[in-house]
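Overview (structure and organization)
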Amino acid sequence: MAILVIHGGAGGDGPWLGKTPLDPDRIDCMKEVLQHVGSRLENNEIDCLEAVTLAVEMLEDEPLFNAGKGSVIGEDSSITMDASIMRGSDKAAGSVINVKRLRHPIRASNLILKQGWPVIMNGDAADDFAIKKGLEEVSQDWLKTELRLGQWQQWKDSKSNPGATDEDDSVLDHDLESRVTTEFSDEGMGTVGAVALDYAGGLAAATSTGGMTGKPKGRVGDTAIIGAGTWADEEIAVSCTGVGEAYIRTCAAHNLATKFQTSQNLMESSNKILDEVSPLGGRGGLIAVTSSGEFAMPFQTRLMYRGSWNNGILEVGIGPELEN
Ligand code: ASP
């Protein structure tokens, strides 16, 4: 059995309003990722860890998602990125916090996981570590796109609350996007993630993000934190997206693993997690796959970019409906 599930972020309030002009490109990207990585997983060419790494690398390369190139821009006008990865069989994990010079932050997390110690590296030291290991170094200018610069300018012009509190999600890029009306307007661009089950029964999860538009310098979101944004054990792999502070405070990804262990009901456990996250201002979603091959992609926002490759069957969606 080979299953790959991906997300490209969740966001927005209210009913589904249909696709934006940029959404077809996002759909195409998700299909390409699922087709390319899913078929390699299915042919047993790669294991679950490499599958989630490759899938997230491809999503990081799509400038319309908020990870790698096209990450959102922080308060100090720089891009800083968080990424983490975990393998279920031995609970090996790797994470980078606030890296600024990497094309593929998730590959840096993968290298940390493989090295074994430490689990988390931050800032310049994490950039240096990865570049020394041969990862591609890129400039801040390369990472920034017109779309993100436009959104950042919009945020700055309307900035009511620099250094927003944890509960104030007004700077979450998805919500900002749904409010703006300029040429830069677009919805639901977000964090990316992947979970996979391979033929050996192995599970892995990976998540990568630029965080939130206008985030204060030094802010660390759930994406970098094992157990909050990312988790994998022998039974389940989870990747989350939404306002990170609420996912951290509920240990959302690990919390789902614990709930699932007791209930063995994936959808019910996933919804319970989103219900716990939501009162803390953490509207969002998650993806999860279990060792028995069940998977879920629930969200409580208007939309979540998501898709699955289930033994050759490909499905993607943004709003409530899925398409092939
Ligand atoms: N969870 C991410 C963060 O808080 C943002 C997102 O998923 O959109 O950094």
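Above this text you will find the structure in question.
Heads up: these notes are all about the structure in this document. (Residues numbered from 1 in each chain as written. Predicted model: local features only at pLDDT ≥ 70, side-chain atom pairs only at ≥ 80, totals over all residues. Heavy atoms only, no water.)

**Looking at the sheet that holds strand 2 (residues 81-87)**
Applicable threshold: Strand pairing requires that DSSP identify at least two bridges connecting the strands. Secondary structure elements are defined from DSSP: runs of H or I of at least 4 residues count as helices, runs of E of at least 2 residues count as strands, and each element is numbered from the N terminus. Every residue pair with non-hydrogen atoms within 4.5 Å of one another is taken to be in contact. Note on geometry: axes are lines fitted to C-alpha atoms, helical ones only across the stretch in contact, with angles between N-to-C directions running from 0 to 180 degrees.
Taken together, the nine strands give an open sheet; going across it, the order is 4-3-2-6-5-1-11-12-13, and neighbouring strands pair in mixed fashion. Every interior strand has two partners, whereas the edge strands, strand 4 (120-122) and strand 13 (322-323), have only one. Note that strand 12 (residues 313-317) and strand 13 share two bridges and pair antiparallel. If you follow Val 316 over to strand 13, its bridge partner there is Glu 323. Its contacts with the sheet place helix 2 (residues 48-61) against strand 1 (3-11), strand 2, strand 5 (192-197) and strand 6 (203-209), and it is angled at close to 155° to strand 5. Contacting strand 3 (92-99) and strand 4, helix 4 (residues 123-132) runs over the sheet at an angle of about 110° to strand 4.

**A short note on helix 4**
Operational definition: Exposure is judged per residue with a 1.4 Å probe applied to protein chains only, and the accessible area is read against the type maximum: over 50% gives exposed, under 20% gives buried, and values in between give partly exposed. The arc in question is the one traced by the directions running from the helix axis out to the C-beta atoms.
Buried within helix 4 are the following residues: Gly 123, Ala 126, Asp 127, Phe 129 and Ala 130. Relative to the axis of helix 4, the buried residues are bounded by an arc of 160° and lie together on one face. Helix 4 presents Asp 124 and Lys 132 as exposed residues on the side facing more than 90 degrees away from its buried surface. Buried positions along helix 4 lie against strand 3, helix 3 (105-115) and strand 4. Downstream of helix 4 by one or two residues, Gly 134 has phi in the positive range, about 105°.

**A look at the site of the ligand**
To keep it simple, the criterion reads: The cutoff for a nearby residue is simple: one of its non-hydrogen atoms must lie within 4 Å of the molecule or strand. Here a polar contact means two N or O atoms within 3.5 Å. Within protein one must be a hydrogen donor candidate and the other an acceptor candidate, and residues neighboring in sequence count only if both atoms are side-chain atoms. Per-residue accessibility takes into account occlusion by the displayed protein chains alone, with areas from the Shrake-Rupley method and a 1.4 Å probe.
Thr 191, Arg 219, Asp 222, Thr 241 and Gly 242 are the nearest of the 11 residues found near the ligand. Between Arg 219 and the ligand, the recorded distance is 2.7 Å, taken from a side-chain N or O atom to an oxygen atom. Gly 242 is positioned such that a nitrogen or oxygen atom in its backbone is 2.7 Å from a nitrogen atom of the ligand. In isolation the ligand exposes 270 Å². Once the protein is present, 100% of that is buried.

**Looking at the sheet that holds strand 10 (residues 295-296)**
Within a beta sheet, neighbouring strands are joined by backbone hydrogen bonds and run either parallel or antiparallel to one another. Strands sit in the order 7-8-9-10 across an open sheet of four strands; the sheet is antiparallel. Each end of this open sheet is capped by a strand with a single partner; those strands are strand 7 (230-232) and strand 10. Sheet contacts for helix 9 (residues 252-263): strand 7, strand 8 (236-242) and strand 9 (284-290); angle to strand 8, the most-contacted strand, approximately 140°. Contacts from helix 10 (residues 266-277) reach strand 8, strand 9 and strand 10 within the one sheet, and its direction differs from that of strand 9 by about 150°.

**Details of the nonpolar core**
Using the following cut-off: The definition of a nonpolar core used throughout is a set of buried Ala, Val, Leu, Ile, Met, Phe, Trp, Tyr and Cys residues joined through side-chain atoms within 4.5 Å.
Of all hydrophobic cores here, the largest spans 54 residues; its most connected members are Leu 4, Ile 6 and Val 37. Among the elements that line this core, the one with the most residues is helix 2, at eight residues. Counting residues in hydrophobic clusters, the runner-up holds 33 residues, among them Val 5, Met 86, Ile 236 and Val 289.

**Overview of the environment of Gln 140**
Summarising the element assignment, Gln 140 is placed in helix 5 (residues 140-143). Along the chain, Gln 140 and Gly 284 lie 144 residues apart, while their C-alpha atoms are 28 Å from each other. Beyond its immediate stretch of four places on either side in the chain, Gln 140 contacts Ser 78, Ile 79 and Lys 100. In terms of polar contacts, Gln 140 uses its side chain to reach the backbone amide nitrogen of Ile 79, at 2.8 Å.

**Some remarks on the pattern of salt bridges**
Rules: Just to be clear on terms, a salt bridge is a Lys or Arg side-chain nitrogen sitting within 4 Å of an Asp or Glu carboxyl oxygen.
Inspection of every chain in the model, using the stated rule, returns 17 salt bridges. Arg 26 is the partner of Asp 23 in a salt bridge, and the nearest nitrogen-oxygen pair spans 2.7 Å. Residue Asp 23 and its partner Arg 26 are both found in helix 1 (residues 23-42); the two are separated by three residues, about one turn of the helix. Residue Arg 26 is classed as buried on the basis of its relative accessible area, which comes to 0%. Linking Glu 268 and Lys 272 is a salt bridge whose minimum nitrogen-to-oxygen distance equals 3.7 Å. Here Glu 268 pairs with Lys 272, and both are found in helix 10, just four residues apart, close to one helical turn.

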